[in-house]
Amino acid sequence: MQKSISAGNLCLIILASSFTFMSCHKKKDKSSVTGWNYDDKNYGNFHVLKAKEQKTGPGLVFIQGGTFVMGAKEEDVMGDWNNIPRRVSVNSFYIDETEVANVHYREYLYWLANTFDNDTAVMRMALPDTLVWRSELAYNEPYVEYYFRYPAYNYYPVVGVTWEQAHDFCIWRSDRVNEKILIDKGYLNKRAPLAEMKGGQGDQTFNTDTYLMNPDMINNKTAPKKGGLKDVSGRPRKVITFEDGLLLPGYRLPTEAEWEYAAYGIVAQNPSPRTKEKNHGEELLSNQQVYSWSKNVNGLRDNRRGSWQGQFLANFKRGNGDVMGVAGGLNDRAAIPGPIKSFYPNGFGLYNMSGNVSEWVGDVYRPLTSLDEDDVNPYRGNKFSKFYKDAQGDYERDTLGRLKKVVVTDSEAVTRRNYQKGDVINYLDGDSISSVTYGYGITSLISDKSRVIKGGSWNDMPYWLSPGARRYMEQDQASSTVGFRCAMTRLGSPEGNGFKEGNIFGKRKQNKKQRR
């Protein structure tokens, strides 16, 4: 006996079938200029990713940009007059939550040693200088031998690293992070890292620039078994582009302006910040900070009631001969650099932006930088470059497996309106235009290799803990008081993921009257 289908059930079946049909034939996005569909095999499979929010790379913290007064917050007791206060704007970016630690740098060395078969030249370029601990009139040999390698110091900041070494670390880190992304998404074989580290040759390693510019030079490419992108013929793609939204921008050293802005954690001084898309937020600051912490911003001790009241908020030198206090009540509990997650994080959640170790930033040092630089994303240190090609027009990789670059020549830039030279490190301050010269080693210790260091260290007086203070060292020099942390450019909404760009007023016209 067959059961009859009621009219109501029949309607439900028809609706379900219609929904299934529509879901199988989902309307494709299309170009507003040609009308062609995106990701459609009949129109060449041109892939356009819907607006995608940038993922936060390993170890990084998002820093919402804005305007701030960059420069001295205290009296210029040193008489350097090299950090004149000036209002600037900094775009949003990412920066490491902590300083790069010994264990992180040893991971880098481990990779180099295995990938380049302990090549003496390669290892010499990367090894930190542990001899920076030595002093003619101090017994620091234990630090020379043990600080970098002993497990008790795993998560203490790496020191003895030059600016050049920190710069190379950032490139290596970028490549390893992007390599893992491609492996996780199925575009590189899972055994690619092991194959590199057993290869003993740099030209077998993964490099992000090489992958994007000439993927034929990269081995172990593959395609995902499911859900992968298609080429113009509808076949699975083995190579992705930056436009596909999977790869991250490169890690790098922060600019001086970025570092100083991040150190203040200004968002903590805003009594009413925007926390949701529907909120407005306010342009207010409740305190003008001297130091990087958000509580007791002009003092050195924790002033909140509790067990930590009166304790120092950073690792620094209290006075001559006093770097840690009296036994039984050590004031900062660190004789040398302390753990990278010691002390309170600042308003952005960053640790030790004042004290512990000073940090390299990207900028080349000039005493009057603030008078010359742009007021948006200020930076001195540009060498505009391009990828090198040999006589046959082919790209080349260097001994570390990175794609070679060369500085743009003056003849190539002569027709530009926005710049006329490739190397503009000394632009307006040390070149023929400014009529300023720096006789390095004769009349000055400033050169085109002088790089800014920020933040104050375990062996510095409180004056240097203010983020506005600035000093410099040559980029090929190192110190027991200087480390570094990495940064990354932010792509997309300046307020972060989950927020839109610009004030979106909808379709209502500005002068249209609203009904009351």
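Residues numbered from 1 in each chain as written. Predicted model: local features only at pLDDT ≥ 70, side-chain atom pairs only at ≥ 80, totals over all residues. Heavy atoms only, no water.

Asker: How should unusual backbone geometry be read in this particular structure?
Answerer: For residues other than glycine, phi is negative in most cases, and the peptide bonds are mostly trans. The phi dihedral of Asn45 falls on the positive side, at around 60 degrees, and the residue is not glycine. Following the sequence through the fold, Asn45 ends up in the loop between α1 (7–24) and β1 (60–63). (Helix = DSSP H or I, 4+ residues; strand = E, 2+ residues; numbered from the N terminus.)

Asker: I keep staring at the sheet that holds strand β6 (residues 358–364) and nothing clicks. Help me out?
Answerer: Whether parallel or antiparallel, the strands of a sheet pair through hydrogen bonds between backbone atoms. The 4 strands are arranged β10-β9-β6-β11 in an open sheet whose pairing can be described as mixed. Both edges of this open sheet fall to β10 (471–474) and β11 (482–483), since each of them pairs with a single strand only. Bridge count for strand β9 (residues 450–454) against β10 is 4 bridges, and the pairing is antiparallel. Residue pairing for β10: Ser450 is matched across the bridge by Glu474. (Pairing = 2+ DSSP bridges.)

Asker: Looking at this structure, how should I read the packing of aromatic side chains?
Answerer: For any two aromatic rings, the description comes down to two numbers: the centre-to-centre distance and the angle of the planes. Counted according to the given criterion, the structure contains 28 aromatic pairs. Here Phe169 and Trp172 contribute two aromatic rings whose centre-to-centre distance is 5.5 Å and whose plane-to-plane angle is 45 degrees, an arrangement assigned as tilted. In this pair, Phe169 and Trp172 both sit in helix α5 (residues 163–185), 3 residues apart, roughly one turn of the helix. Of the two residues examined, Phe169 and Trp172, each falls in the buried class. An aromatic cluster of at least three residues, connected via ring pairs, comprises Tyr105, Tyr108, Trp111, Phe116, Phe148, Phe169, Trp172 and Phe484. One cation-aromatic arrangement involves Arg301 over Phe312; the distance from NZ or CZ to the ring centre is 4.2 Å. (Phe/Tyr/Trp six-rings, centres within 6.5 Å; stacked < 30°, edge-to-face > 60°. Buried < 20%, exposed > 50% of the residue type's maximum accessible area, 1.4 Å probe, protein only. Lys NZ or Arg CZ within 6 Å of the ring centre and 35° of its normal.)

Asker: Is there a simple way to think about the nonpolar core in this case?
Answerer: Nonpolar side chains in soluble globular proteins generally cluster together in the buried interior. Among the nonpolar cores identified, the biggest contains 46 residues, and Tyr105, Leu112, Phe169, Leu182, Tyr211, Ile240 and Phe484 are the most heavily contacted of them. Contributions of two or more residues to this core are made by α2 (102–115), α3 (120–126) and α5. Broken down by element, the residue count for this core peaks at 9 residues, all from α5. Every residue in contact with Phe484, bar those within four places of it in the chain, is listed here: Glu99, Val100, Tyr105, Val158, Val161, Ala166, Phe169, Leu253, Glu359 and Trp360. One finds Phe68, Ile95, Trp259 and Ile266 within the second-largest nonpolar core, a separate group that totals 23 residues. (Core = buried A, V, L, I, M, F, W, Y, C linked by side-chain atoms within 4.5 Å. Contact = heavy atoms within 4.5 Å.)

Asker: How do you make sense of helix α8 (residues 256–264) when you look at a structure like this?
Answerer: In an α-helix, one turn spans 3.6 residues, which is why side chains three or four residues apart end up on the same side. Of all 9 residues in α8, 9 are buried; the element is thus mostly enclosed. Looking only at α8, the buried set comprises Glu256, Ala257, Glu258, Trp259, Glu260, Tyr261, Ala262, Ala263 and Tyr264. Two residues or fewer after α8 comes Gly265, characterised by a positive phi angle close to 55 degrees.

Asker: Looking at this structure, how should I read the sheet that holds strand β12 (residues 487–489)?
Answerer: Taken in spatial order, the 4 strands make up an open sheet running β1-β4-β12-β5, and their pairing is antiparallel. Edge strands, defined here as strands with exactly one partner in the open sheet, are β1 and β5 (251–252). Judged from the 2 bridges that link them, β5 and β12 form a sheet pairing that is antiparallel. Within β12, the position partnered with Arg252 by the bridge is Ala487. The strands touched by α8 are β1, β4 (93–96) and β5; relative to β4, the strand with the most contacts, the crossing angle is about 75 degrees. (Axes fitted to C-alpha atoms, helices over the stretch in contact; angles between N-to-C directions.)

Asker: Looking at this structure, how should I read the confidence of the model for the chain?
Answerer: In regions of low pLDDT, the predicted coordinates are not meant to be interpreted in detail. When pLDDT is averaged across the chain, the result is 89; 93% of the residues are at 70 or more. Contacts from residues 10–24, a stretch scored under 50 in pLDDT, to residues over four places away or in other chains number 1 contact. (pLDDT = per-residue confidence, 0-100.)

Asker: Which parts of the structure should I look at to understand the environment of Lys55?
Answerer: Residue placement: Lys55 occurs in the loop between α1 and β1. Separated by 320 residues in the primary sequence, Lys55 and Asp375 place their C-alpha atoms 28 Å from one another. The contacts of Lys55, once residues within four sequence positions are left out, are Tyr94 and Leu248.

Asker: What should I look at first to understand the side chain of Asn356 in this one?
Answerer: Inspection of the secondary structure assignment puts Asn356 in the loop between α8 and β6. Residues contacting Asn356, with those up to four places away along its chain left out, are Glu99, Pro157, Asn315, Pro337, Gly338, Pro339, Gly456, Ser457 and Trp458.

Asker: I'm lost on the packing of α2 against α5 in this one. Help?
Answerer: Working note: a packed helix pair is described by the angle between its axes plus the distance between those axes. In the contact formed by α2 and α5, the axes pass within 11 Å of each other and the chain directions differ by 75 degrees. Judged by the angle between their axes, α2 and α5 are roughly perpendicular. Judged by residue contacts, His104, Tyr105, Glu107, Tyr108 and Trp111 of α2 engage Gln165, Asp168, Phe169, Trp172 and Arg176 from α5. Of the residues in the contact of α2 with α5, the class split is 5 nonpolar, 2 polar and 3 charged. (Parallel < 35°, antiparallel > 145°, perpendicular 65-115°, else oblique. Nonpolar A, V, L, I, M, F, W, Y, C, P; charged D, E, K, R; others polar.)

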